[in-house]
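# Commentary on secondary and tertiary structure
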Amino acid sequence: MIARRRRSILYAATLLALSAAILPLICVSLLSRERAHKAERAHLAQYAGWTLERATLTLSNAQATLKQLEQEGWVGCSPAHIARMRQLAFDNRFIDQVGYFNDGKLACTSWGTVSHSVPEQAPEHPLPGGFALQLQVNPLVSQGHPVIGLVLGDHRVLINPQRLVDVLRDGEMALGVATADGRPIAISGHVDNSLISAMAHHTGSGMDDRNMFVSTSGAGLMAFAVSDREEFERRLRREWLLLVPTGLIVSAILIGTIAWVSRQRLSPENELDFAIRHRKLIAHYQPLIELQSGRCIGAEALVRWRRPGPDRMPPDLLIPLAERTGLIEAITDLMIECVAEDLARMLGAGLDVHVAINISANDMESGRFLPNLHAALQRWGIPASHIWLEATERGFIKPELACATIERARAAGHAVSIDDFGTGYSSLSLLEALPVDTIKIDKSFVDTIGRSAATSVVTPHLIDMAHSLNLTIVAEGVESPSQEAYLRSAGVEFAQGWLYSPALSAEKFIEYCHQLNDGPN
Ligand code: C2E
Ligand code: CA
Ligand code: CA
């Protein structure tokens, strides 16, 4: 389960990291496309607007000239009429020539009378105010280049179409003016007629495989600006190069955050927290042997993984980590639940045993666990005398608080031992201060039995001292028959260690006790 959790955290982190690497770049792509599109569209829209302004300015100037001529009432191509037309053509920089039609034929122009016959052309595109446009006029003077004609009454002005689109450009683009229904009037550059009629159909902006275009309309005309798609692609590359570093930074920050969060979640502390919440920890029981009779009279509950494995933290690392991180309280509660349930089975199986629970210094000082312990024992109908408590002197900050908890526990019927006795520097003063029933002589002293180490002299004194204080003694970590023989002869009451058994599961412990206590002696 924990391995599965590790795997799923790693999978999720990898997946997230991949997305964190890819998504910002996708966003950068979309954003740079959007920005390039917007910029090119705005650029073209500005030019389309200026082209429309230019075209309407040209036409309105030409219209003013025509209106003036018509109002002055000229007829007949008199020298004064021709002179007037010449003067107007000269004064107005938007028009190239003025002509006068009579009887359906060109009678005279600003250049003089016309000797050859030029028939009057039908106006192709009406404009407001009685004006009309002729989109393709081919006068001799323009030498094959078509010009446009603007007609009012009998007069007509000719305009070089380039004047309508005479806008200074800052890059490659085509500009043009067309009638509102899409017939081209003037174009500078190359634009397909099909595109012009499409733009007339739907003014605004657009893009196809070759071009990007914007059109705008006003005063009965449509003006447009068209750029090569290459122009857009160039902008796109610029935006992309501008935004990619930001995308990479965002990716790096996201990946860093994901790595940090997954490291946190994979930290030993988090795994332990997960294990506690999912009840991956259980109690195993190390038998406690009465040395005189050789019978098993109880056990010490030691925390174990429900499913052991090489990647599991051993208890001698797990407990200090839990103590550092505050998870120890949850472990105490879990052990209480576990022990109460197992002890009910042990008693139910006919064993007369107690179970000793290790209580951390923290819990011993706060006494927080006692109500939980009592509730659990009540739930399972177990007398308090079947639970012993082991208090380790290591870590006591305020021994007087621990003292109060020990008194409460003893008043409730529990026996209390001092664990690892002899290893803390305050052992002797504690021994007098704490109202305990038992001391557990630490394994390091038991190890010295029969050796010539300096500590080996201490062990008999510890035993004497405990006995003179009327305390019973448990010797921890007994591994050899010679240690057992010494302890028995020294009057030590109880022993625990691999000589008898390591910690066992509840069922195995029940079997062990039955075998040891009920077997032939
Ligand atoms: P401890 O209370 O002194 O427990 C005895 C430790 O010595 C246990 O180690 C036990 O497996 C080991 N041991 C027992 N007999 C022998 C032996 O003959 N030879 C050797 N070499 N070792 C032996 P474990 O289970 O690794 O526990 C280590 C410590 O973790 C315990 O020391 C205790 O301080 C703490 N601990 C274990 N379970 C709990 C728990 O449920 N709550 C709390 N607060 N602490 C616990
Ligand atoms: Ca212990
Ligand atoms: Ca111990």
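So, here's what we can say about the structure. These numbers were taken from a predicted model, which means no experiment stands behind them.

### Focus on the overall build of the chain
Regarding its fold elements, the chain presents 15 helices and 20 strands. Against the compact-globule benchmark of 24 Å for 521 residues, the chain has a radius of gyration of 52 Å, which places it well outside the compact range. Projected onto its principal axes, the C-alpha positions of the chain cover 155 × 40 × 40 Å. Look at the contacts in the chain between residues 6 or more apart in sequence, and 62% of them connect residues 24 or more apart. When the accessible surface of the chain is summed, it comes to about 26,100 Å², and 56% of that surface belongs to carbon and sulfur atoms. Across the chain, 47 positive and 57 negative side-chain charges occur, with their mean positions spaced 7 Å apart.

### What about the sheet that holds strand S11 (residues 211-218)?
Read across the sheet, 5 strands follow the order S9-S8-S12-S11-S10 without closing on themselves; strand pairing throughout is antiparallel. Because the sheet does not close on itself, it has two edges, and the strands there are strand S9 (184-188) and strand S10 (205-207). Going across the sheet, the axis of each strand differs from the next one's by a mean of 15°, ignoring polarity. The sheet contact formed by strand S8 (residues 174-179) and S9 spans 4 bridges and is antiparallel. Residue glycine 176 lies in a different strand from S9, and its bridge partner there is isoleucine 187. Across the sheet, helix H3 (residues 193-201) is in contact with S8, S9, S11 and strand S12 (221-228); its angle to S12 comes to roughly 125°. In the packing of helix H4 (residues 229-265) onto the sheet, contacts are made with S10, S11 and S12, and the angle to S12 comes to roughly 60°.

### Notes on the site of ligand 1
The environment of ligand 1 is made up of 21 residues, and the closest members are Gln286, Arg304, Lys443, Glu479 and Trp498. A distance of 3.1 Å separates an oxygen atom of ligand 1 from a polar atom in the side chain of glutamate 300. Here a nitrogen atom of ligand 1 sits 3.1 Å away from a polar atom, N or O, in the main chain of valine 303. For ligand 1, whose accessible area on its own is 790 Å², the fraction buried by protein is 82%.

### Focus on the coordination of the calcium ion (ligand 2)
Coordination of the calcium ion (ligand 2) by the protein is provided by Glu300 (OE), Asn358 (OD1), Glu390 (OE) and Asp419 (OD), with metal-donor distances spanning 2.1 to 2.3 Å. On the primary sequence, the residues serving as donors to the calcium ion (ligand 2) are separated as E-x57-N-x31-E-x28-D. Here the calcium ion (ligand 3) and the calcium ion (ligand 2) are spaced 4.0 Å from one another, each receiving a donor from aspartate 419. Of this pair, glutamate 300 sits in strand S14 (residues 295-305) while asparagine 358 sits in strand S15 (residues 354-359), and the two are 58 residues apart along the sequence.

### Focus: the pattern of salt bridges
Using the criterion set out here, one finds 25 salt bridges in the structure. Among the salt bridges present, the one from arginine 84 reaches glutamate 72, with a minimum N-O distance of 2.6 Å. Highlighted residues: arginine 84 in helix H2 (residues 79-91) and glutamate 72 in helix H1 (residues 2-72), separated in sequence by 12 residues. The class for arginine 84 is buried, based on a relative accessible area of 14%.

### Brief notes about the pairing of strand S1 (residues 97-102)
Within S1, 5 of the 6 residues are buried, which leaves it mostly tucked inside the rest of the structure. Two elements, S1 and strand S7 (residues 155-159), share 4 bridges in a ladder whose sense is antiparallel. Each residue of the ladder has a partner; that of tyrosine 100, found in S7, is histidine 155. Here S1 folds back onto strand S2 (residues 105-109) in antiparallel fashion, the turn holding 2 residues, of which aspartate 103 has a positive phi close to 55°.

### Some remarks on the environment of alanine 344
Secondary-structure assignment places alanine 344 in helix H7 (residues 328-348). Note: C-alpha distance between alanine 344 and serine 385 (41 residues apart in sequence) is 13 Å. If sequence neighbours within four positions are ignored, alanine 344 has contacts with Trp380 and Ile382.

### As for the packing of aromatic side chains
Evaluation of the coordinates by the stated rule reveals 3 aromatic pairs. Measuring from ring centre to ring centre gives 4.9 Å for tyrosine 47 and tryptophan 50, while their planes differ by 80°; the resulting arrangement is edge-to-face. With tyrosine 47 and tryptophan 50 both in helix H1 and 3 residues apart, the pair spans about one turn of that helix. Judged by centre distance (6.2 Å) and plane angle (40°), the ring pair of tyrosine 285 and phenylalanine 509 falls under tilted. Taken together, the residues span a long stretch of sequence, with tyrosine 285 in strand S13 (residues 281-290) and phenylalanine 509 in helix H15 (residues 506-518) at a distance of 224 residues. Like tyrosine 285, the residue phenylalanine 509 is buried in the burial classification.

### Re the pairing of strand S18 (residues 438-441)
Side chains Thr438 and Lys440 of S18 all project onto a buried face; the interleaved residues Ile439 and Ile441 project onto the opposite face, where all are buried too. Direction of pairing for strand S17 (residues 415-421) relative to S18: parallel, over a ladder of 3 bridges. Within S18, the residue paired with isoleucine 418 across the bridge is isoleucine 439. Taken together, the 4 bridges between S18 and strand S19 (residues 472-475) define a ladder with parallel strand orientation. The partner of threonine 438 across the bridge, within S19, is threonine 472.

### Side note on the state of the cysteines
In the structure shown here, the tally under the stated rule is 1 disulfide. For the unlinked cysteine cysteine 296, the closest cysteine sulfur is that of cysteine 513, found at 3.1 Å.

### Describing the coordination of the calcium ion (ligand 3)
Octahedral metals with six donors have ideal donor angles of 90 or 180 degrees. Tetrahedral metals with four donors have an ideal donor angle of 109.5 degrees. Those donors, Asp419 (OD), Asp420 (OD), Glu476 (OE) and Glu476 (OE), are the protein atoms that reach the calcium ion (ligand 3), and they lie 1.9 to 2.5 Å from it. Donor residues for the calcium ion (ligand 3) sit on one chain with the sequence pattern D-D-x55-E. A relative accessible area of 10% places aspartate 420 in the buried class. On the basis of relative accessibility, which here comes to 11%, the residue glutamate 476 falls in the buried class.

### Here we look at a nonpolar patch on the surface
Judged by side-chain polarity, Leu18, Ile22, Leu23, Ile26 and Leu30 come together as a nonpolar surface patch covering roughly 480 Å² of accessible area. On the secondary structure map, leucine 23 appears in helix H1.

Reading guide: rules and limits
- Residues numbered from 1 in each chain as written.
- Chains lettered and ligands numbered in written order.
- Predicted model: local features only at pLDDT ≥ 70, side-chain atom pairs only at ≥ 80, totals over all residues.
- Heavy atoms only, no water.
- Helix = DSSP H or I, 4+ residues; strand = E, 2+ residues; numbered from the N terminus.
- Rg over C-alpha atoms; globule rule 2.2 N^0.38 Å.
- Contact = heavy atoms within 4.5 Å.
- Areas by Shrake-Rupley, 256 points an atom, 1.4 Å probe, with all protein chains shown as cover.
- Lys, Arg positive; Asp, Glu negative; His and termini not counted.
- Charge placed at Lys NZ, Arg CZ, Asp CG, Glu CD.
- Pairing = 2+ DSSP bridges.
- Axes fitted to C-alpha atoms, helices over the stretch in contact; angles between N-to-C directions.
- Near = heavy atom within 4 Å.
- Polar contact = N/O pair within 3.5 Å; in protein donor to acceptor, adjacent residues only side chain to side chain.
- Donors = N, O, S within 2.8 Å, 3.2 Å for Na, K, Ca; no water.
- Salt bridge = Lys/Arg side-chain N within 4 Å of Asp/Glu carboxyl O.
- Buried < 20%, exposed > 50% of the residue type's maximum accessible area, 1.4 Å probe, protein only.
- Phe/Tyr/Trp six-rings, centres within 6.5 Å; stacked < 30°, edge-to-face > 60°.
- Disulfide = S-S within 2.5 Å.
- Patch = residues over 30% accessible without salt bridge, like charges linked within 9 Å, V, L, I, M, F, W, Y side chains within 5 Å.

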